[in-house]
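# Working through the structure, step by step
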Amino acid sequence: MRSPVEPAGRDAEFAAFMAGGARRLYRVAYLLTGDAGEAEELTQHALVRTYAAWDRIDGGEPYGYARRILVNLHSDWWRRLRRRERPVPELPERTATGPDPADAAVERTGVARALRQLTRRERAVIVCRYYLDLTEQQTADELGVALGTVKSAGARALRKLRVDPELSPLARQGAK
């Protein structure tokens, strides 16, 4: 546990954390949701909850704590989305601030589209295992599931990704 810090010091610590971790959290959120707007909202909610618990976070791993909040919020978001999905007649306009290089890279390779074809659990396992580079046990702990669930969901997801037509050009490029 952190020792109690004066509000100004606490804010400075959290600002330093955000400078280094907010973008990483957004990338994880984008890979989980496949939507830039939802990823921003999910990241903001995770940062708000992290700030509220800042004094209780173990000093060694605030990013892991925030990432766990993000994954849990995504699970909650997914449950709500399944219950009340609302189609819209048109896609909203993109802002003129310019494309995010990380978004462009993900879209260019087709990974985001391929990940959206997976179930929520399979997508979460793939993101934790291969994007966050967590072990199977760490992934199980992060998602709150059994180790066998991580192994079976990961195997199913990889089987689907191997035959996904969005990724087949990448496989040919990698073989060159």
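Model, not experiment: these values are computed from the prediction. (Residues numbered from 1 in each chain as written. Predicted model: local features only at pLDDT ≥ 70, side-chain atom pairs only at ≥ 80, totals over all residues. Heavy atoms only, no water.)

Another aspect to go through is the nonpolar core. Counting 40 residues, the largest nonpolar core has Phe 17, Val 28 and Leu 70 as its most contacted members. Among the elements that line this core, the one with the most residues is helix H1 (residues 7-33), at 10 residues. Setting aside residues no more than four positions away along its own chain, Leu 70 makes contact with Leu 25, Val 28, Ala 29, Leu 42, Thr 43 and Ala 46. (Core = buried A, V, L, I, M, F, W, Y, C linked by side-chain atoms within 4.5 Å. Buried < 20%, exposed > 50% of the residue type's maximum accessible area, 1.4 Å probe, protein only. Helix = DSSP H or I, 4+ residues; strand = E, 2+ residues; numbered from the N terminus. Contact = heavy atoms within 4.5 Å.)

Oppositely charged side chains can pair when the atoms bearing their charge come close. Applying the stated criterion to the full structure yields 3 salt bridges. A salt bridge links Glu 142 to Arg 67; its shortest N-O distance comes to 3.2 Å. Residue Glu 142 is located in helix H7 (residues 136-143), and its partner Arg 67 is located in helix H3 (residues 62-83); the two are separated by 75 residues in the primary sequence. For the residue pair Glu 142 and Arg 67, the accessibility class agrees, reading buried in each case. Across the pair Arg 156 and Glu 122 runs a salt bridge, and its minimum N-O distance is 3.3 Å. Placement of Arg 156 in helix H8 (residues 147-162) and of Glu 122 in helix H6 (residues 120-131) is noted, with a sequence separation of 34 residues between them. When its relative accessible area of 36% is taken as the criterion, Arg 156 is described as partly exposed. (Salt bridge = Lys/Arg side-chain N within 4 Å of Asp/Glu carboxyl O.)

Let's shift gears to the environment of Thr 33. Mapped onto the elements, Thr 33 comes out in helix H1. Residue classification places Thr 33 among the buried positions, given a relative accessible area of 10%. In the structure, Thr 33 is positioned 82 residues away from Leu 115 in sequence and 9.0 Å away in space, judged by C-alpha atoms.

In this model helix H2 (residues 36-52) runs 24 Å from its N-terminal to its C-terminal C-alpha over 17 residues, within 8% of the 24 Å that 1.5 Å per residue would give. Buried within H2 we find Ala 39, Leu 42, Thr 43, Ala 46, Leu 47 and Thr 50. The buried residues of H2 all sit within an arc of 135° when viewed along its axis, so they share a single face. Turned more than 90 degrees away from the buried face of H2 sit Gln 44, Val 48 and Ala 52, all of them exposed. One side-chain oxygen at the N-terminal end of H2 lies 3.2 Å from the backbone nitrogen of Gly 37; it belongs to Asp 35. (Expected span 1.5 Å × (residues − 1). Arc of directions from axis to C-beta. Polar contact = N/O pair within 3.5 Å; in protein donor to acceptor, adjacent residues only side chain to side chain.)

Our next topic: H6. Spacing of three or four residues puts side chains on the same side of an α-helix, whose turn is 3.6 residues. In this model H6 runs 15 Å from its N-terminal to its C-terminal C-alpha over 12 residues, within 8% of the 16 Å that 1.5 Å per residue would give. Listed as buried for H6 are Glu 122, Arg 123, Ala 124, Val 125, Ile 126, Val 127 and Cys 128. Asp 133, located one to two residues past H6, shows a positive phi value of around 60°.

Among the secondary structure elements, Ile 126 is positioned in helix H6. Between the C-alpha atoms of Ile 126 and Ala 157, which are 31 residues apart in sequence, the distance is 7.3 Å. Dropping the residues within four chain positions of it, Ile 126 is found in contact with Leu 115, Leu 118, Tyr 131, Gly 154, Ala 157, Leu 158 and Leu 161.

Turning to the confidence of the model for the chain, a few remarks are in order. In this model, the chain carries a mean pLDDT of 80, and residues with pLDDT of at least 70 account for 74%. Scored below 50 in pLDDT, residues 171-176 makes 0 contacts in the model with residues more than four places away or belonging to other chains. (pLDDT = per-residue confidence, 0-100.)

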